[in-house]
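Observations on the three-dimensional arrangement
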Amino acid sequence: MKLFLKIWRQKNNQAKGKIVDYEIDEISPDMSFLEMMDVLNEKIIEEDGDPVAFDHDCREGICGSCSMFINGEPHGPDKLITTCQLHMRRFKDGDTIYIEPFRAKAFPIIKDLVVDRSAFDRIQQSGGFISINTSGNTLDANTIPIEKEYADKAFDAATCIGCGACVASCKNSSAMLFVSAKVSQFSLLPQGRVEATDRVINMVNQMDEEGFGNCTNTGACHVECPKGISLDYIAKLNREYVKANLKK
Amino acid sequence: MNKKITYSLNYRKPKNEYSSDDELTVCVRYYQKLDNGKNKVVKKSTGIKCKLKDWDSDWHKADNRHPIKASDSDYLEKNRILKNKSVDLHSLIKDRNVSKNISPLNSKVPKGPLDLKWSTHKNNVRLVSPANKRNIDIIVVGTGLAGGSACATLAEQGYNVKAFCFQDSSRRAHSIAAQGGINAAKNYQGDGDSVYRLFYDTIKGGDYRSREANVHRLAEVSSSIIDQCVAQGVPFAREYGGLLDNRSFGGVLVSRTFYAKGQTGQQLLLGAYSAMNRQVARGKIQMNTRHEMMDIVIVDGKARGIITRNLITGEIEKHSAHAVVLASGGYGNLFYLSTNAMGSNVSAAWKVHKKGALFANPSFTQIHPTCIPVSGDYQSKLTLMSESLRNDGRIWVPKKIEDAKKIRNGELRPVDLNENDRDYYLERRYPAFGNLVPRDVASRAAKERCDAGYGVNKTGEAVFLDFSSAIIRYGKEKALVKGLDIEDFELVKSLGKGVIKAKYGNLFQMYEKIVDENPYETPMMIYPAVHYTMGGLWVDYNLMTTIPGCYAIGEANFSDHGANRLGASALMQGLADGYFVLPNTINDYLADDIKTGPISSDSPEFNIAKNRIEEKINKIMTNKGSKSVDYFHKILGKIIWNNCGMSRNKKDLNSAIKEIQKLRKEFYKSVKVTGDQFSFNESLAKALRVADFLELGELFAVDALSRNESCGGHFREEYQTKEGEALRNDDDYRFVSAWEYNENIEQSKLHREHLDFESVELKNRSYK
Amino acid sequence: MFNSSIGRKVAMALSGVFLIVFLAQHFLINITSVFSEEIFNLLSHFMGNNPLVQFVLQPILIAGVLFHFIMGFVLDWQNRKARPVSYAMYKGSKNSMFVSRNMIISGIVVLSFLGLHFYDFWIPEMDYKYIKSLPEDPNRYYKELVHRFENPYRVGLYCFSFVFLALHLVHGLSSSTQSLGTNNKYSEIIKKISYIFGISIPLGFCFIALFHFITFYNT
């Protein structure tokens, strides 16, 4: 198939970027979206151009590296997948495809489609952990039984791959879904309850410092989340946060 | 060794006969002390000319050591060139001395009974006081399960950790993609599991090519891993009673695998990542993301730092420390197509190998039989489908080659092929185990059929994994239970599909997403793919390589899996090394460094290494080539896959060596990298990685060629029984092959670490 | 706490819920005008002359309104700042409701309506009571109300604004329950109730306006 690509090109963080048009031919519908990008880059290299930079690594939907905003949606038109799992059969011959980076002030562009998501790391560093030593001299793993329901809910929250689609899709560039998943994972488990108060306050403060927008409950994040993390976790985060502040 | 490099002017007549405006050539001199006590002078012209009046004869006293004074109009450029020339000469001398230092292999396994070795060793190693730990830096390269857990623990002990990863966050290391689970000898299920059984299963699974003491230690610490992870908040699967659930995994008779749905690797990595985050927040870990290790720096025979490339700015940076830990993962991407992440590479390990660390068993690779096949030349990566599918799927290809052709061309649908025209080759060849033969056997059998022309997809490299009989079987069972009509075909089918969906729903969905075929209606297509490398840097019992102060942990070392890894053991090994083993053993080495003080990264050793990398990058960037990096990587992958893949023979291995040598030459001649070296440039990063794969590939073949036996994942066609079984040769090859680097890789020197088995009896791995 | 994004969100929700309660109360009083002039006058007189209502609740209400819309503007401004370069192609409709993405627009319409409404009722009322200090006539309210809905343009404008109010409430009410942390087995029901409530109150107001308009023309 033949496709018309409109790709955001930006040399570095300081440079001004713009949409550049590319035409690409002989794309197999069985290709993944990133393989299509590989083909494009091979072509650009052949013509001595600078290949389009994009983040990618595991290419099986778990590492959370890939971060393209395709035709107006993060990770493209399909739901519950990442860009690397999107296949070209989803598009038609002759389609025009817009490819942009995840945009947010807190995700500065490094080059082309590559953005700096270290804000997420810093949020985690501000409290996304349980403060125990890694000596192995902890309680036996079965000492604290955990209700299956809570264990499963904690797991569902923990499946977040930190890709940033929630921020990218949100009209306010809010990171609330990400933070809520992290906070909920720990606060649902007895091990994590101990530090729950400080954790939620610190993580929310760090989130605000990073320059993410405010949540206005549009729900775009959970629709676009490749791991289907529910909006309920945001409600839980709100509750935890208010509770923590009343306690402090 | 006495090293002294000086600059001098090349006087051709007595000094007083020159006027101050005369120009002379500058040369670099090196005085080498010979064994007989005499000095040998090596003198090299630099091609730089300098007027006598501009020459600073006291250059060695100045800080910048510039021999040409500022009165020369071009002094900066000239001094720069001179510096580079001296560095060149220095490195030449340096290299001659690297490989001489390797002592005979000493695995340093403690004495005493097997089950007491680790505890005795822990009691005997030297410790470093908390006050001294604050003054010691450790570099950790890679932040997967092994690296991440090591960073966290070392930082917590008080060391200053400098962590490096090429990903944009330490959470994205490829450990995250592990699906199945993690083994631990907890015996929660009361099915007779024990440390000894886990140890024994692992040794046997590795086809008796791993070090007994290491494997036993792994089994011993396994249960602490689970305690640790649960305390960290890793949400393992639980039963309704609130206790941890276990599943059973390939090739063992007990349920000892802990899991978190199909995302165990992700959850464990996030656990290690959270432990790291805690230390980053405390300032004990300095996290450097998007940094790729380019070289290791050895000062006075000890690993003292690394050179990295900042992948955003392209800057080459120097980082010093008292010890260097490599947790850089495996090198499955040598095959181009593998289940590894796109960025996974051997460069860090290979650079260490080139500086003197031995590389062990490079050709021991695990090839997983159930992956989604390659669909075209553009394919960049393969996806694993869980091994559990072989419990219910039957593997087949058409009996007649014409049918295979028709299926490939789409003229015939697989479901329309008569039962009698199908060849269930695993059931035919291995009637006892059928479709459940071990991974290596299943993989080789699929390759054999496809090579013979029976492959069933467009590229001819796929076999069918068929669930139709399982669907009918389960459907009938269900109909009977429900008291429905088992003769109603459609009803039985839909009931059966329900059962299969409950068991493998997510895998079927993943398959459908990638291949765009409904596996409930038509058989799946699968083909083997590379997914783990058992080989790696040789390490002793303390996990130290043959370079003092340089450690290797996780998949980067060769340690515990022998010639074949058991399922759910990779996660166990990574975390065991990082959380529990290395943090104990590294103290013993660092106890000598408490008075060393900070390591300067401004020594000649650092500068040389940095300059060499810059030169290499310059060379690649300015190469007037015409072919992209992927072009070479794909060819290399094909050479390795075809000649050193699931089965190997002498002729193919020999030709692979020659082909790789040729390809390597061509690579440097005609590789083309576009873009800017001082900005984010993935093709440059890839070029540097592929350059190392091109060297490793040759050693890979050399290793496979040298091992004249079949064991585990290494199957030499010359060494098989009449029935086509692997033929191990314990008398001649019961050793670890540890290779010493040689510029001519074919001439790499083989060191043997003989393996003694005190607690287990060597048996044939039988599955017939 | 109210300096943080969640704090502001909770404050928005609380002030919103407060305004909705007021709206419900306002509606309940107004709807009496449809069936009983006396009750309406009675209630209006009470509201207009009870010192507690006039001097405690009324200022609180005005503060609530001011807070809600100022905070709304501040949040919107911050949110725009959080994405300095906007997407060339953004398909919000694929993942969220139009109303939820455009609260600021529906909010501005409602705010402008509030201006009109003040001009129509509140300012004359203040003028009557506190500036001119005219003697209180407990039966004037109904007449004033009916009089306002004689003009078809005004009725049209009112109904138009009520539609936007409905749009604002449909998202606003369910959103405030989310902001206040409701997530349990009742969440879904609460959401549904809030949708129904959000639509029915403005519709009710529309009905009152149209009712008086039509009755006026029919008599």
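Residues numbered from 1 in each chain as written. Chains lettered and ligands numbered in written order. Predicted model: local features only at pLDDT ≥ 70, side-chain atom pairs only at ≥ 80, totals over all residues.

1. Focus on the interface of chain A and chain B
This is how it is decided: Note on contacts: residues are paired as contacts if their backbone-placed C-beta atoms lie within 7 Å. Strands are runs of DSSP state E lasting at least two residues, helices are runs of H or I lasting at least four, and both sets are numbered from the N terminus onward. Amino acids outside the nonpolar list (Ala, Val, Leu, Ile, Met, Phe, Trp, Tyr, Cys, Pro) and the charged list (Asp, Glu, Lys, Arg) are all regarded as polar, and Gly is one of them.
In this assembly, 66 residues from chain A lie in contact with 67 residues from chain B. Going through the elements one at a time, α1 (33–46), β6 (109–111), α2 (118–125), α3 (148–158), α5 (176–187) and α6 (190–193) of chain A are the ones with two or more residues in the side of chain A that touches chain B. With six residues, the top contributor of residues to the side of chain A that touches chain B is α1(A). Considered class by class, the residues forming the side of chain A that touches chain B number 25 nonpolar, 23 polar and 18 charged.

2. Considerations on the nonpolar core
Our working definition: Here, a nonpolar core means buried Ala, Val, Leu, Ile, Met, Phe, Trp, Tyr and Cys residues linked by C-beta atoms lying within 7 Å of one another. In this scheme every C-beta is placed from the backbone, and a residue whose C-beta has 20 or more other C-beta atoms within 10 Å is buried, one with 12 or fewer is exposed, and one in between is partly exposed.
V325(B), L326(B), V463(B), L537(B) and Y551(B) are the most contacted members of the largest nonpolar core, which totals 290 residues. Apart from the residues within four sequence positions on either side, V325(B) is in contact with I138(B), I139(B), V140(B), V141(B), A150(B), Y551(B), I553(B) and L582(B). Counting residues in each nonpolar core, the second largest holds 17 residues, with L165(C), V170(C), A209(C) and F213(C) among its members.

3. Brief notes about helix α3 (residues 51–81) of chain C
Residue and element names in this part refer to chain C. Threshold: In this analysis, the expected span of each helix is defined as 1.5 Å times one less than the number of residues it contains. Two axes define the bend at a residue: one fitted to the seven residues ending there, one fitted to the seven starting there, and the bend is the angle between them.
For α3, with 31 residues, the first-to-last C-alpha span of 44 Å sits near the 45 Å given by 1.5 Å per residue. L57 marks where α3 bends most, by close to 35°; the proline P59 follows one to four residues later. When we look at burial in α3, the residues that qualify are G72, L75 and N79. Turning to α3, the residues buried within the fold contact α1 (5–35) and α5 (103–131).

4. Regarding unusual backbone geometry
Positive phi is not limited to glycine here, since D516(B) has a value of about 65°. Looking at the element boundaries, D516(B) is found in the loop between α13 (489–515) and β18 (524–533). A tally of 13 C-beta atoms within 10 Å means that D516(B) is categorised as partly exposed. For S133(C), which is not a glycine, the phi torsion comes out positive at approximately 45°. The topology assignment puts S133(C) in the loop between α5 and α6 (140–148). Taking the C-beta count within 10 Å as the criterion, S133(C) has 9 such neighbours and is therefore assigned exposed.

5. Things to note about the sheet that holds strand β11 (residues 316–320) of chain B
Residue and element names in this part refer to chain B. Note the following rule: Here, strands pair whenever DSSP counts at least two bridges between them. For every element, the axis is a line fit to its C-alpha atoms; helices are fit only across the contacting stretch, and the angle between N-to-C directions ranges from 0 to 180 degrees.
Read across the sheet, three strands follow the order β9-β10-β11 without closing on themselves; strand pairing throughout is antiparallel. Two strands lie at the open edges of the sheet, namely β9 (291–299) and β11, each paired on one side alone. Between one strand axis and the next, the sheet turns through 25° on average, direction left out of account. Pairing geometry for strand β10 (residues 302–310) and β11, over five bridges, is antiparallel. Along β11, the bridge assignment pairs G305 with S320. Contacting β9, β10 and β11, helix α15 (residues 604–622) runs over the sheet at an angle of about 140° to β9.

6. Section: the interface of chain C and chain A
Across the boundary between the two partners, chain C contributes 34 residues, which contact 39 residues of chain A. Mapped onto the side of chain C that touches chain A, the elements with two or more residues apiece are α1, α3, α4 (98–101) and α7 (152–179) of chain C. The element contributing the most residues to the side of chain C that touches chain A is α1(C), with five residues. A breakdown of the residues in the side of chain C that touches chain A according to their chemical character gives 13 nonpolar, 14 polar and seven charged.

7. Some details on the domain arrangement of chain A
Residue and element names in this part refer to chain A. Let me state the cut-off plainly: Domain boundaries shown here were taken from an automatic or database domain assignment.
Entries for chain A in the domain assignment read domain 1 (3–111) and domain 2 (117–247). Using C-alpha coordinates to define each centre, domain 1 is positioned 29 Å away from domain 2. Opposite the 19 residues of domain 1 that make contact, domain 2 presents 18 residues. Its residues assigned to classes, the side of domain 1 that touches domain 2 comprises 10 nonpolar, five polar and four charged.

8. Some remarks on the sheet that holds strand β5 (residues 96–101) of chain A
Residue and element names in this part refer to chain A. Overall, mixed pairing links the five strands, which are arranged β2-β1-β5-β3-β4 in an open sheet. Here the strands that pair on one side only, and so sit at the sheet edges, are β2 (18–24) and β4 (73–74). Relative to β5, strand β1 (residues 3–9) runs parallel, the two being bridged by four bridges. Each bridged residue has a counterpart across the sheet, and for I7 the counterpart in β5 is I99.

9. Digging into the pairing of β18(B)
Residues and elements named next belong to chain B. The buried count for β18 comes to 10 of 10 residues, which makes it a mostly enclosed element. In terms of strand pairing, strand β14 (residues 365–371) meets β18 through five bridges, oriented antiparallel. Bridging across to β18, C371 finds its partner in Y527. Inspection of the sheet shows strand β17 (residues 463–466) paired to β18 by three bridges, in the antiparallel sense. Paired with V463 across the bridge in β18 is I526.

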